Every structure is written in C-alpha cells, then in structure tokens.
Amino acid sequence: MFDQFKLSKEELKARCTSIKAWEIPKTDSAFAPDGVWSNADMEPTPPEKWTWTTLTFITYWMSDLVHGSTWTAIASLFSLGLVWWEGLLAIFGGGIFIVLVITMNGIMGARLHAPFAVICRAAYGPYLARFCVISRMVSLLIRLSCFQASVTQMIIAIWPSYSRFPNHLPASSGVTSQEFLSFFLFWLIQFPFCLVNPRNLRPIFLAKGIILPIVAIGTMGWSIHKAGDRAGAALVAKSSLNGAAGFLAFMTAVTAQTGQWATMACNIADFSRYSQKPSSAAAQIIIVPIMWTITAAFGGIATQCLKEAYGEVFFTPFQVIELWQGSHSGRFFAFVCSAAWVLGYIGLNITANSVSASNDICSLFPRWVNILRGQMISVTVGVFAFAPWKVMASGASVVNFATSYSVVLAPIAGIMAADYFFVKKGAIDVPALYDPHGRYRYGWGCNWRAIAGLVCAIGPNVPGMAHALNSKVQIGGAKYIYSVGVLWGCIVGGGVHVALSKLFPDRESIIAEAVYAHEALAERNAAGSSAASEKDKEEVPTAYVSEV
C-alpha cells in the first residue's frame, strides 16, 4: 500500500526543486490525444483490475447503509409526525426509485469501466461535464466534514472528565475546544484509511458489514428492553397523517431519504468500474431497497421505543450511548459501540465521499492529481476549507443545504442514465470520451439538450432550496414540488433530455455499436505489433545479404 510513497534520492530532490517533477505521467495506453492530459486513474480500468463481484457489492452496501447517518435519517422523520413504520415505508418507496437510477448508472460504469467524471461527458459534453463534477464534489466535501460525535463519546467512556473539557475558544469561532479536538482526532484516525486504493477496500466493507449490524441490533434490543411493557404499544403506533398535510409530510420524508443517496446515483460508477461483469452491478436493484429498509428498522424501532421510555426523540445513536456513561459496564459498552460507529463513519466517508471527491479533483487536474493525491486533498484542504466547526454551529441550515442540494444531483444522475439507455442505447465510444474535440463535443463542449433538462428539473425546486436554507422565505405551492424534488429531478430532467434528443438528435454522438476501451486498446496493440513485424520482415533480407 505504501510502495507509492517510496522515492529515490533523485526523485525526492527533483520534487523539492521542480514543479514539473510532480506531474502524473501520461500512460502509453492513454486515449487522450496529444495536448490533452490524462493519467492512469482516469483511464478505463484494465481487465486485470476488474475484481468486484456481486458479493463485493453486497458488502459495500452493507458497509454504506449500516451507520449512524441511517439511524439519524429515520429518527429525523419523527419530527415530521411519522411513526417508525411510516418511516420505513418512506425509505422502502424512495429506495426502490433511487436504486433504479443507481443501478442504471452502475451498469454503465460496469460496462464502460470508467469513472463518473469521464462517462458523464457522453451526455453533457466535456465542458458541461465539469459543472456536474464540481457540483458533486462540493456536496461530497460538505458531507465529509461532520462526524466527530462518535469520538467524543468514545473518549468520555475512557475519561469521563472529557465531558467537562474546558472551552478556550470564543463563541464567534462556532466551536468549543472539545468539539474541535474530537473532530481533529476523528480526522487523524481516518486519514490512513484514505491511502487505500478503492479497488482494495473490500476488507473494510467486510469488517463494517459484520461489526455494525451487531452493534445496531444490540442497541435496538436495549431500547426495547428500556421501553418494557410499553414496547408493544410503541411498535403498533398508529399513523397521525391525513389530508394534504399528511401527503406533504410523507413525500418530504421520501425526498429526504432518497436525497441523501442522490450523490451515490452519481458516484456508483467510481466503484462499478471495477466490476467483473455488469450483472454484479445490476444486482443492486434487489440488494439496496431490502438492505436499506432492514438496517433503517434498527434505528426506527429503537427511536420509537426510547420515545416511549424517555418521552423524547433520540436523533443519533450517540445520544443513546450517552445514556450508558453512568457505570463502568455502561462505559465499556459505550466505548465499544462508539468505536464501531467510528469505523462505520470512516468507511462511509471513504466509500461515499472521499474516493468520489478525489476522482472529481483528479479529472479537473489530471496532470497533477491522481486518486491518492485527490484523497489527501479531500481529507485535508477540502475538509478544513469547509470549516466543519462552523457546520456544527449552524447544523440545521447546512444539513438542509446538503439534503436540498440533491435537487441538483438527482437530475444530473437521471440525465446520465436516460441518455445511456434511451438515447445512446448503450452504444458509447469510450476512447472518444477522452477527446474534448471528438464525437461528444456537441456545441461548444456542452450538450444543450442536457442543459434544458437541468433547467426544467432544477428551476422549479429553487424556491424550495431557498426555504430549506431560510424558513422565513415563503414559497406557497412550490413546497409540493420540492417535497418530491428528487423524483421530479430525475424524471423531468431525464424526460426532457430524451425528448429533445429524439426531436433534435446529435447524429455524430449516436453510433450503432459500443466501442469498449479494452477492445480498442487490444486492436491498437495488435496493429502496432503487426506494423513492427512487417518492418522486421523488410529488414531481414538486407541484413542477410550483407552477411553473405
């Protein structure tokens, strides 16, 4: 893993004295034309690195779905007036929809074996694709900034006095000394994991997939025990939703749940590019809704029971863990469970945030940044530039922003999927994706049909985004569109793009059969070998005569 950090004395000296020494070499197999830079991490994944199987995807999603954010996501629905089983319905219904987009884009990545930042050029063009890349990157870096509470409870379990850690920072800083220290320690623990190449992440997925379900089920069992005789009544709680207000609350819940995975609808190609076969990525359409609903049930049932027991809603598992800190045995379990959630958040940050953010940075600066450097930038400059202590200070507005930003990411993902399956019909010229002047240039590097789809999908949701950031903004009936923002974004964005592409087709970008990178590279190598062989044949007689 650390071989890539080994440098000779000459290389080390060069990097200390020359900027050019930091360039990422352009591989011999690169499809980018002369004058356009690329590097190995942006090029299509070669067949020997197609290592992901269906089991890998199962452990990947178990890793991504069982974590504190899933608990918080369903617990937050109680504030909308939903009970636990209504939250599960919202998650299952939203999961079925968003997984369709995730699976479609996952299949695209598994067939083309290229990252999101490259394959989105087929639908958007090389320059509009940069808007998509930057939009996703901003959302990922914000989400990468906010997970220090797990470390706080872990330290308190060892040193209870940490709960009284003195604050030496002014109120204007937006953070206490304890919060900043917890954040820094979490960042420090997480950093080494970010040095692992994404294709080698399976052991992390497996560890999370085994440990966290045990912790989540154990916490749920403790919550049911605390509710005692009231647990039965809690689990058969009746719905209080009715009329237009009930519809609005339920659909807001659906959008909130699907919105948190809108980034993954874009991200998935960054992982499915390593698939051995497309059917492994296709299996997600069955895996995700079932696993998501089951894992969310742990938090939903626990929250409902604790509401009966304590009369309040515990929105995070760390609020539950805090209840255990009063005894030695309680602190032991608090430490173990907090450590497990730390592992969960680290895995989530790597799989859902840092790897994809690093791909985005890599695609924007391929001459200087590969995935490893991109991850280091993401978890250092990227994280601290967003000042996570300020994120904590204004949590409601920033969490709302991160969720509402899904109305931008959902149409981006929806248009990509619709373009691949209904416009291009799976026929993509992969080498041409690396040529900004090739068949996917469209007009001025932007596909105007995709622009129209984005405008129609995002425009009506702008008032809702404004209201999410500032509740004083009155938006009237626009709240109903925003309550179905993710569905609206994917369906309207993709539908407008397909309709305009059928009415005004771009002939050059539509081909009869797909051109895959490994096949094109094999043909190029064969042609090169054939040319070399012909040259050798021409030279042999001359050499033979001269010897005679």
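Rules used in this analysis
Along each chain, residue indices are assigned from 1 in the same order as the chain's sequence is written. In keeping with the predicted nature of the model, local features appear solely for residues at pLDDT of at least 70, side-chain atom pairs appear and are counted solely at 80 or more, and the whole-chain, interface and lining totals rest on all residues. Just so you know, side-chain values use all the structure's heavy atoms and leave hydrogens and water out. By definition, any uninterrupted DSSP run of H or I lasting at least four residues is a helix, any uninterrupted run of E lasting at least two residues is a strand, and each is numbered from the N terminus. Partly exposed describes any residue whose relative accessible area lies between the buried limit of under 20% and the exposed limit of over 50%, with all areas from a 1.4 Å probe on protein chains only and scaled to the type maximum. We call two residues contacting when some pair of their heavy atoms lies within 4.5 Å. Surface exposure here means Shrake-Rupley accessible area, sampled with a 1.4 Å probe, where a residue is shielded only by the protein chains that are shown. Lines fitted to the C-alpha atoms define the axes, with helices restricted to the stretch that makes contact. Angles between their N-to-C directions range from 0 to 180 degrees. Angle categories: roughly parallel below 35 degrees, roughly antiparallel above 145, roughly perpendicular from 65 to 115, and oblique for all the rest. Definitions for this section: a left-handed crossing has its near helix turned counterclockwise from the far helix by less than a right angle. A right-handed crossing has that turn clockwise. Residue polarity is assigned by list, with Asp, Glu, Lys and Arg as charged and Ala, Val, Leu, Ile, Met, Phe, Trp, Tyr, Cys and Pro as nonpolar; anything else, Gly included, falls into the polar class. The patch calculation keeps residues exceeding 30% relative accessible area without a salt bridge and links them within 9 Å when they carry like charges or within 5 Å when they are nonpolar (Val, Leu, Ile, Met, Phe, Trp, Tyr). Here, a salt bridge means any Lys or Arg side-chain nitrogen found within 4 Å of an Asp or Glu carboxyl oxygen. Here a pair means two rings of Phe, Tyr or Trp (six-membered ring of Trp) with centres within 6.5 Å. Their orientation is stacked below 30 degrees between planes, edge-to-face above 60, and tilted elsewhere. As used here, the term nonpolar core means buried Ala, Val, Leu, Ile, Met, Phe, Trp, Tyr and Cys residues forming a set that is joined through side-chain atoms within 4.5 Å. Each residue carries a pLDDT score, the predictor's own confidence in it, on a scale running from 0 to 100. The span you would expect from a helix comes to 1.5 Å times its residue count less one. Here, a disulfide means two cysteine sulfur atoms that sit within 2.5 Å of each other.

(A) View of the overall build of the chain. Assigned secondary structure in the chain consists of 27 helices and zero strands. The buried share of the chain, taken over its 548 residues, is 53%. For the chain, contacts bridging at least 24 residues in sequence account for 84% of all contacts bridging at least 6. For the chain, the accessible area works out to roughly 23,700 Å², and carbon and sulfur atoms hold 66% of it.

(B) Structural context of the packing of helix H23 (residues 448-458) against helix H26 (residues 485-503). Orientation of H23 relative to H26, taken along the N-to-C sense of each, is 150 degrees, at an axis distance of 8 Å. The orientation of H23 with respect to H26, classified from their angle, is roughly antiparallel. Both H23 and H26 take part in a crossing whose hand is right-handed. Contacts between H23 and H26 involve Trp448, Arg449, Ala450, Ala452, Gly453, Cys456 and Ala457 from the first element and Trp488, Gly489, Val492, Gly493, Val496, His497, Leu500 and Ser501 from the second. Of the residues contributing to the contact of H23 with H26, the split by class is nine nonpolar, five polar and one charged.

(C) Structural context of unusual backbone geometry. Non-glycine residue His113 carries a positive phi angle of around 55 degrees. Positionally, His113 belongs in the loop between helix H4 (84-112) and helix H5 (116-119).

(D) The arrangement of a nonpolar patch on the surface in detail. Together, Ile158, Trp159, Phe332, Phe333, Phe335 and Val336 line one region of the surface with nonpolar side chains, adding up to about 610 Å² of accessible area. Take the nonpolar patch: its biggest share by element is four residues, from helix H18 (residues 328-364).

(E) Structural view of the side chain of Ser177. Note that Ser177 resides in helix H9 (residues 177-190). For Ser177, a relative accessible area of 11% translates into the label buried. Other than its neighbours up to four places away in sequence, Ser177 contacts Phe165, Pro166, Asn167, His168 and Leu169.

(F) Just the packing of aromatic side chains, in detail. Inspection of the entire model under this criterion finds 17 aromatic pairs. With 6.1 Å between their ring centres and 80 degrees between their planes, Trp261 and Trp292 make a pair best called edge-to-face. Note that Trp261 is positioned in the loop between helix H12 (243-259) and helix H13 (262-267) and Trp292 in helix H16 (residues 284-310), a separation of 31 residues in sequence. Trp292 shares its class with Trp261; the two are buried. Site record: aromatic cluster; members linked through ring pairs are Trp52, Phe57, Tyr60, Trp61, Trp261, Phe271 and Trp292.

(G) Focus on the nonpolar core. With 131 residues, the main nonpolar core has Trp61, Tyr124 and Ile412 as its most contacted residues. Here this core takes 14 residues from H18, the largest share from any one element. In terms of nonpolar packing, the next biggest core, distinct from the first, is built from eight residues, Leu77, Leu82, Ala90 and Val484 among them.

(H) Structural view of the pattern of salt bridges. Considering all chains together, one arrives at six salt bridges under this definition. Between Lys20 and Glu23 there is a salt bridge, with the nearest N and O atoms lying 3.5 Å from each other. Judged by relative accessible area, Lys20 falls into the exposed class, the value being 55%. Its salt-bridge partner being Asp270, residue Arg136 comes within 2.8 Å of it at the nearest N-O pair. Note that Arg136 is positioned in helix H7 (residues 128-143) and Asp270 in helix H14 (residues 269-272), a separation of 134 residues in sequence. You can call Asp270 buried: its relative accessible area is 0%. Among the ionic contacts, a cluster of salt bridges with common partners joins Lys20, Glu23 and Arg367.

(I) Structural view of the packing of H7 against H18. The interhelical angle for the contact between H7 and H18, taken along N-to-C directions, is 145 degrees, at an axis separation of 9 Å. At the point where H7 passes H18, the crossing takes the left-handed sense. Across the interface between the two elements, Arg130, Val133, Ile134, Arg136, Met137, Leu140, Leu141 and Arg143 from H7 touch Asn349, Ala352, Asn353, Ser356, Ala357, Asn359, Asp360, Ile361, Ser363 and Leu364 from H18. Residue composition of the contact of H7 with H18, grouped by class: nine nonpolar, five polar and four charged.

(J) Structural context of the environment of Ser240. Inspection of the secondary structure assignment puts Ser240 in the loop between helix H11 (231-235) and H12. It is 7.0 Å that separates the C-alpha atoms of Ser240 and Gly81, two residues lying 159 residues apart in sequence. Residues in contact with Ser240, not counting those within four places in the same chain, are Gly81 and Glu86.

(K) Region of the structure containing the confidence of the model for the chain. Residues with a pLDDT of 70 or more make up 89% of the chain, whose mean pLDDT is 83. Here residues 392-399 scores under 50 on pLDDT; set against residues more than four positions off or in separate chains, the count is eight contacts. Note on residues 542-548: pLDDT is under 50 here. Beyond four places in sequence and across chains, it has zero contacts.

(L) Quick peek at helix H3 (residues 68-75). Extensive coverage of H3 is indicated by the burial of seven of its eight residues. Among all positions in H3, only Gly68, Ser69, Thr70, Trp71, Ala73, Ile74 and Ala75 are buried.

(M) A look at H12. A rise of 1.5 Å per residue sets the reference length of H12, with its 17 residues, at 24 Å; its end C-alpha atoms lie 24 Å apart and thus fit the reference within 8%. Three or more residues of H12 are buried, namely Gly246, Leu248, Ala249, Met251, Ala253, Val254, Thr255, Gln257, Thr258 and Gly259.

(N) Region of interest: the state of the cysteines. Counted according to the given criterion, the structure contains zero disulfides. We note that Cys132 lacks a disulfide partner, and the nearest cysteine sulfur, in Cys120, lies 5.2 Å from it.

(O) Inspection of the environment of Gln375 at higher detail. For Gln375, a relative accessible area of 1% puts it in the buried group. Put simply, Gln375 and Ser356 are 19 residues apart on the chain and 8.7 Å apart in space, counted from C-alpha to C-alpha. Residues in contact with Gln375, not counting those within four places in the same chain, are Cys194, Val196, Ile350, Ser354, Val355 and Ser358.

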